[in-house]
Amino acid sequence: MHHTWKTDTRPSDITPEAVWRERRRFLRQAALAPLALGVMSRAGAASNDAPSGPVLAARKNARWSVDDPPNSWRDITTYNNFYEFGTGKGDPARYADKLRLTPWTVRVDGAVRRPLTLDIDALRKLAPQEERIYRLRCVEAWSMVIPWIGYPLAQLLKQAEPTEDARYAVFTSVVQADVMPGVQEGILDWPYVEGLRLDEAMHPLTLLTFGLYGHELPAQDGAPMRVIIPWKYGFKSGKSLVRIHLQATQPTTSWMRAAPQEYGFYANVNPAVPHPRWSQATERRIGSGFFAARIPTLPFNGYAQDVAGLYQGMDLVRNF
Ligand SMILES: Nc1nc2c(c(=O)[nH]1)N[C@H]1C(S)=C(S)[C@@H](COP(=O)(O)O)O[C@H]1N2
Ligand SMILES: [Mo]
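Residue numbers here run from 1 along each chain, matching the order of that chain's written sequence. Chains and ligands are labelled sequentially in the order written, the chains with letters from A and the ligands with numbers from 1. Side-chain atom pairs in this predicted model are given and counted only at pLDDT of 80 or more, local residue features only at pLDDT of at least 70, and totals for whole chains, interfaces and linings cover all residues. Side-chain measures here rest on the full set of heavy atoms in the structure, leaving out hydrogens and waters.

Considerations on the packing of aromatic side chains
Alright, step 1. Classification of ring pairs uses Phe, Tyr and Trp, with its six-membered ring standing for Trp, and accepts pairs whose centres are within 6.5 Å; under 30 degrees between planes counts as stacked, over 60 as edge-to-face, and the remaining range as tilted. Tallied over the entire structure, the rule returns 13 aromatic pairs.
Alright, step 2. With a centroid separation of 5.7 Å and an interplanar angle of 75 degrees, the aromatic rings of Tyr168 and Phe265 are classed as edge-to-face. Separated by 97 residues along the polypeptide, Tyr168 in strand β6 (residues 168–173) and Phe265 in the loop between α12 (254–258) and β12 (282–285) bring together distant segments of the chain. In this pair, the class of Tyr168 matches that of Phe265, namely buried.
Alright, step 3. The structure contains a cluster of three or more aromatic residues connected by ring pairs, namely Tyr168, Phe265, Tyr266, Phe300 and Tyr311.
Alright, step 4. One cation-aromatic arrangement involves Arg63 over Trp64; the distance from NZ or CZ to the ring centre is 3.8 Å.
Alright, step 5. Look at NZ for Lys and CZ for Arg. If either is within 6 Å of the ring centre and within 35 degrees of the ring normal, a charge sits over the ring. Note that Lys89 overlies the ring of Tyr79, its terminal NZ or CZ placed 5.8 Å from the centroid. Numbering of helices and strands starts at the N terminus; helices are DSSP runs of H or I of at least 4 residues and strands are runs of E of at least 2. Relative accessibility thresholds used throughout: buried, under 20% of the residue-type maximum; exposed, over 50%; partly exposed, between the two (1.4 Å probe, protein chains only).

Comments concerning the nonpolar core
Alright, step 1. What makes a nonpolar core is a set of buried Ala, Val, Leu, Ile, Met, Phe, Trp, Tyr and Cys residues whose side-chain atoms join them at distances within 4.5 Å. Counting residues in each nonpolar core, the largest one holds 84 residues, and the members touching the most others are Leu123, Trp148, Leu153, Leu156, Trp231 and Leu246.
Alright, step 2. At seven residues, the largest contribution of residues to this core is made by strand β5 (residues 142–152).
Alright, step 3. Any two residues having at least one pair of non-hydrogen atoms within 4.5 Å are treated as being in contact. In contact with Leu123, not counting residues within four places along its chain, are Val106, Leu118, Tyr151, Leu156, Phe210 and Met225.

Here's what the structure looks like:
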């Protein structure tokens, strides 16, 4: 996230829409030619516009969906932050297909009466899968709208029976160093660790996420399971989780450790509190084109009605 201003641009932002549409049509046609197929890179193959991968059925949840038009599958799967695979926005799409997804188990432990170790198939079936269209606001001041598939994290945590000591949830992402160029470079302290207060973790908006656009998550978006907390900056939403640990004390997250004056524990989207190096008042909606106006950032990313109550009486400048 320190590299924002160099990496936060893609060809579709600086090319008039008609031109890049035509270019994309050409590339698609080229991809159909056997010769071109042979020389296409893996990233090229992954940048198809049509959703792909194993199907994941879900019922639409209108109550917890926004009306903004969703970003394209292409935007969502080729413009990513997943630093384990490198800091470039295209790095996750380029490298994450090497992530080994089977076997995959997730441990829920710590301050719980019933510690759980669950296989990913059991996790997928633990509760009804819902499609929820959420805004995702990155701390780098861009945003997307994504039709996620998952169910409330609360459904899983309840099964583990949190004790009175469970005041925080800590999320640990997988490390597979041999296939993760970013881990080899040591950009952050790995594994990637994030955390929530337990009431945030139990909030109905906090989504344990397994898919998007009707399909299982592509690796670059955090396969096979991640968490999404839509009122917080995107970095709170850890990808490819292997452990959820409940504990009494507030954890030090990877970003707090890397730059404590820039990234706080709460990280609620807040247009009134600038990042030390840039404003958070507006954002650029990915895919809207170079000439599109920046849009105002909303308190709690537009979810204030549902979550502001969690922070009653707190100083949100100090608790950034
Ligand atoms: N393990 C892990 N999780 C992560 C990140 C990361 O680098 N590693 N980046 C975060 C950031 S900064 C954002 S904005 C979102 C991006 O999710 P997306 O690529 O699916 O849109 O993932 C978050 N989760
Ligand atoms: Mo982000």
